[in-house]
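Below, each chain spelled out in residue letters.
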Amino acid sequence: MGEAYKSLPVVRKLSAAEETAWINPGKVPHKESNLKIGMADIEDAEARLGRFAPFIMKCFPETEKEGGLIESALVPVPEMQKYLEEICGVRMPGKLLLKQDSHLAIAGSVKARGGIYEVLKHTEELAVEAGLINAEDDYARLAEPECRAFFSQYTIQVGSTGNLGLSIGIASAAVGYRVVVHMSADARQWKKDMLRSHGVMVVEYESDYSAAVKEGRRLSDEDPKSYFVDDENSVNLFMGYAVAAKRLKKQLDEQNILVDGAHPLFVYIPCGVGGAPGGVTFGLKEIWGDDVHCFFVEPVQAPAMLLGMASGLHNGIAVQDIGLTGVTNADGLAVGRPSGFVGKVMEPLLSGEFTLADKKLYDYMRALLDTEKIFLEPSACAAFEGPVKLLAYDETREYIRKNGLEKAMENAAHIAWATGGSLVPEEIRKEYKNTYLD
Ligand SMILES: *Cc1c(COP(=O)(O)O)cnc(C)c1O
């Protein structure tokens, strides 16, 4: 492995666990991004979710009023913005909004997008192959007993720090599959309990996420009737996340929020292995190209994607290689080694990244609860570090200047992508509210 990365200033800051900002030197104008995937792939995923809408409605009646669409609100958070500007003493020109994937139906996190999509795609493949349906049929039929009996011969397995397991587990159990979720040591007890209550088999590991994935994959590969959801390399998951962008376009249009050269859109997304923020970013760039600026946020002890991208080594490097622990209270982001697939797709697209200390997750969480009465899990609160620090670092100010955005900042929209929280039980919320109180 090349060691040149060690002399990069950002790697030195990362290895000292300092909060930092990084601008991606590999980003190019969108029309030069030259990717093998594009809008047609997103539209294919969107159409599939449309075919499954009657089935989703039947299995998850809470989605009925949305016609089987699993989608979240986009809401302005002016009180939170005021708080961050006044209390934290930062400047945030433009308008701050919250994308509430924390409140997505079924899984209560962004994983409801990719995870459920992948389970449905696999279901469609099995069902078509077995002659249970064809693409013109009403997919609600798949919820009937003889179809469920058919799916019960098959197993779905996944490795997870928690939320992906919840999403895949709940969705797969609803279809009728046998489900095994391989949980890493940092996964919360209540997530394991919730899965077991849905009849999901939970296997616990003493080790971290990568080890749980590896063992889960091995066990699944041994069984010809088992399908492994591979969070690190799955194009299906990625496309499920990417569909969010088309729906966001509609929401921004409805709220008369313009996105163009004079009205930039900034999006800040908490990042773990990279699939969710990567898929969303890919979709957003397909729609708005150079007018959308996407930033990931990671904990100081687990900046896996930043390290992979800055070093160019992607999944060939882990945070432990630069002396970090990979341990963080942000359980959804507790990933030491990033997805190589996602990192490579992000190379021409991503604007940059921020890292933040764990304590701030809780401060942002309490602030949002106080100002807007919205609860997010700590991992999701990482998103606020982006708008708070966009004008605070030399690196990011230079990015604004170089992209000719200084005058446009007053017209900017900032979206903090709230990736999870609504399933967190009340007693755990209480515990979170009292964590890192100084
Ligand atoms: C999974 C997760 C993320 C990040 O998604 P990745 O695909 O792992 O990068 C962010 N926030 C929460 C709450 C999550 O559960």
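Presented here is a report on the structure given in the accompanying data block.

The rules behind each value
- Residues numbered from 1 in each chain as written.
- Predicted model: local features only at pLDDT ≥ 70, side-chain atom pairs only at ≥ 80, totals over all residues.
- Heavy atoms only, no water.
- Helix = DSSP H or I, 4+ residues; strand = E, 2+ residues; numbered from the N terminus.
- Rg over C-alpha atoms; globule rule 2.2 N^0.38 Å.
- Buried < 20%, exposed > 50% of the residue type's maximum accessible area, 1.4 Å probe, protein only.
- Contact = heavy atoms within 4.5 Å.
- Lys, Arg positive; Asp, Glu negative; His and termini not counted.
- Charge placed at Lys NZ, Arg CZ, Asp CG, Glu CD.
- Phe/Tyr/Trp six-rings, centres within 6.5 Å; stacked < 30°, edge-to-face > 60°.
- Lys NZ or Arg CZ within 6 Å of the ring centre and 35° of its normal.
- 1 Å grid on protein atoms, 1.4 Å probe; cavity = no way out; pocket = protein on both sides within 12 Å on 5 of 7 lines; lining within 4 Å.
- Points joined across faces, edges and corners; volume = space filled by probe spheres on them.
- Near = heavy atom within 4 Å.
- Polar contact = N/O pair within 3.5 Å; in protein donor to acceptor, adjacent residues only side chain to side chain.
- Areas by Shrake-Rupley, 256 points an atom, 1.4 Å probe, with all protein chains shown as cover.
- Sits in = over half its atoms within 2 Å of the grid points.
- Nonpolar A, V, L, I, M, F, W, Y, C, P; charged D, E, K, R; others polar.
- Pairing = 2+ DSSP bridges.
- Right-handed = clockwise from strand over helix to strand, strands pointing away.
- Salt bridge = Lys/Arg side-chain N within 4 Å of Asp/Glu carboxyl O.
- Expected span 1.5 Å × (residues − 1).
- Axes fitted to C-alpha atoms, helices over the stretch in contact; angles between N-to-C directions.
- Parallel < 35°, antiparallel > 145°, perpendicular 65-115°, else oblique.
- Left-handed = near helix turned anticlockwise from the far one by under 90°.

For the rest of this paragraph, the subject is the overall build of the chain. Regarding its fold elements, the chain presents 17 helices and eleven strands. For 438 residues, the compact-globule estimate of 2.2 N^0.38 gives 22 Å, and the C-alpha radius of gyration of the chain, at 21 Å, lies within 12% of that figure. In terms of overall dimensions, the chain has C-alpha extents of about 60 × 45 × 45 Å along its principal axes. Per-residue burial over the chain gives 60% buried out of 438 residues. Of the contacts made within the chain by residues no fewer than 6 positions apart, 75% connect residues no fewer than 24 positions apart. Where the 47 positive side-chain charges of the chain centre and where its 63 negative ones centre are 2 Å apart.

What follows concerns the packing of aromatic side chains. Between two aromatic rings, the relevant description is the distance of the centres plus the angle of the planes. Scanning the model with the defined rule gives 14 aromatic pairs in all. Consider the rings of Phe-295 and Phe-354, whose centres lie 5.5 Å apart with planes at 45°: the pair is tilted. Taken as a pair, Phe-295 in strand β9 (residues 292-299) and Phe-354 in strand β10 (residues 352-356) lie far apart in primary sequence, 59 residues in all. On the basis of relative accessibility, which here comes to 1%, the residue Phe-295 falls in the buried class. Taking 5.6 Å as the distance between ring centres and 45° as the angle between the ring planes, the aromatic pair formed by Tyr-362 and Tyr-436 counts as tilted. Placement of Tyr-362 in helix α13 (residues 358-372) and of Tyr-436 in the segment after α17 (426-433) is noted, with a sequence separation of 74 residues between them. The class for Tyr-362 is buried, based on a relative accessible area of 1%. Here Lys-225 stacks its cationic end above the ring of Tyr-154, 5.3 Å away from the centre of that ring.

Another aspect to go through is empty space enclosed by the protein. A water-sized probe rolled over the atoms picks out the places where empty space is left. Under the criterion given, the structure shown has three cavities of 30 Å³ or more. Empty space within the largest cavity amounts to approximately 250 Å³. The wall of the largest cavity is formed by 28 residues, among which Lys-111, Gly-272, Ala-276, Gly-332 and Leu-333 lie closest to the centre. Secondary-structure elements contributing two or more residues to the lining of the largest cavity are β4 (155-160), α6 (163-175), β8 (265-270), α10 (275-288) and α14 (378-381).

Let's shift gears to the site of the ligand. The immediate surroundings of the ligand are formed by 16 residues, with Lys-111, Asn-163, Gly-272, Gly-274 and Thr-419 found nearest. Note that an oxygen atom of the ligand is positioned 3.2 Å from one of the backbone N or O atoms of Gly-275. The contact in question runs from an oxygen atom of the ligand to an N or O atom on the backbone of Ala-276, over 2.8 Å. Protein burial of the ligand: of its 380 Å² of free accessible surface, 98% is covered by the chains. Judged by the fraction of its atoms near the pocket grid, the ligand is located in the largest cavity. The element that contributes the greatest number of residues to the shell around the ligand is α10, accounting for three residues. Considering only residue class, the shell around the ligand consists of six nonpolar, eight polar and two charged.

Moving on to the pairing of β8. Among the six residues in β8, six count as buried, and that is most of the element. Burial along β8 is two-sided: the face carrying Leu-265, Val-267 and Ile-269 and the face carrying Phe-266, Tyr-268 and Pro-270 are both buried. Bridge count for β8 against β9 is six bridges, and the pairing is parallel. Across the sheet, Ile-269 pairs through a bridge with Phe-296, a residue of β9. A crossover links β8 with its parallel partner β9, the connecting element being α10, and its sense is right-handed.

Side-chain pairs of opposite charge can arise whenever the charged atoms involved come near each other. Counting across every chain of the model gives 33 salt bridges. One salt bridge in this structure joins Lys-246 and Glu-46, with 3.0 Å as the shortest N-O distance. With Lys-246 in helix α9 (residues 235-254) and Glu-46 in helix α2 (residues 39-59), this residue pair connects regions lying 200 residues apart in the sequence. The class of Lys-246 is partly exposed, set by a relative accessible area of 25%. Across the pair Arg-366 and Asp-363 runs a salt bridge, and its minimum N-O distance is 3.1 Å. With Arg-366 and Asp-363 both in helix α13 and three residues apart, this pair spans about one turn of that helix. One network of salt bridges, in which partners are shared, links Glu-71, Lys-99, Asp-101, Arg-113 and Arg-247.

Another point: the side chain of Thr-20. Within the element layout of this structure, Thr-20 appears in the loop between α1 (9-15) and β1 (21-23). Residue class for Thr-20 comes out buried when judged on its relative accessible area of 1%. Setting aside residues up to four positions removed in sequence, Thr-20 forms contacts with Val-10, Lys-13, Leu-14, Glu-353, Phe-354, Thr-355 and Tyr-393.

So, about α13. Along its 15 residues, α13 runs 22 Å from first to last C-alpha, staying within 8% of the 21 Å computed at 1.5 Å per residue. Of all the residues in α13, the buried ones are Asp-358, Leu-361, Tyr-362, Tyr-364, Met-365, Arg-366, Ala-367, Leu-368 and Glu-372. Where α13 terminates, the next one or two residues include Lys-373, which has phi positive at roughly 60°.

A few words now on the packing of α2 against helix α4 (residues 111-129). Describing two packed helices takes the angle between their axes plus the distance from one axis to the other. Running from amino to carboxyl end, α2 crosses α4 at an angle of 80°, the nearest separation of the two axes being 10 Å. Classed by the angle they form, the pair α2 and α4 counts as roughly perpendicular. When α2 is examined against α4, the residues Asp-44, Ala-45, Arg-48, Leu-49, Arg-51, Phe-52, Phe-55 and Ile-56 are found in contact with a partner set consisting of Tyr-117, Leu-120, Lys-121, Thr-123 and Glu-124. In terms of residue class, the contact of α2 with α4 is made up of seven nonpolar, one polar and five charged.

Packing of α9 against α10 brings their axes to within 7 Å, and their N-to-C directions diverge by 45°. Put simply, α9 runs oblique to α10. Remark: the crossing between α9 and α10 carries right-handed chirality. Between α9 and α10, the contacting residues are Phe-238, Met-239, Tyr-241, Ala-242, Ala-244, Ala-245, Lys-246, Leu-248, Lys-249 and Leu-252 on the first element and Gly-275, Ala-276, Gly-278, Gly-279, Val-280, Phe-282, Gly-283, Leu-284, Ile-287 and Trp-288 on the second.

The values reported here are purely geometric and, on their own, carry no functional implication.
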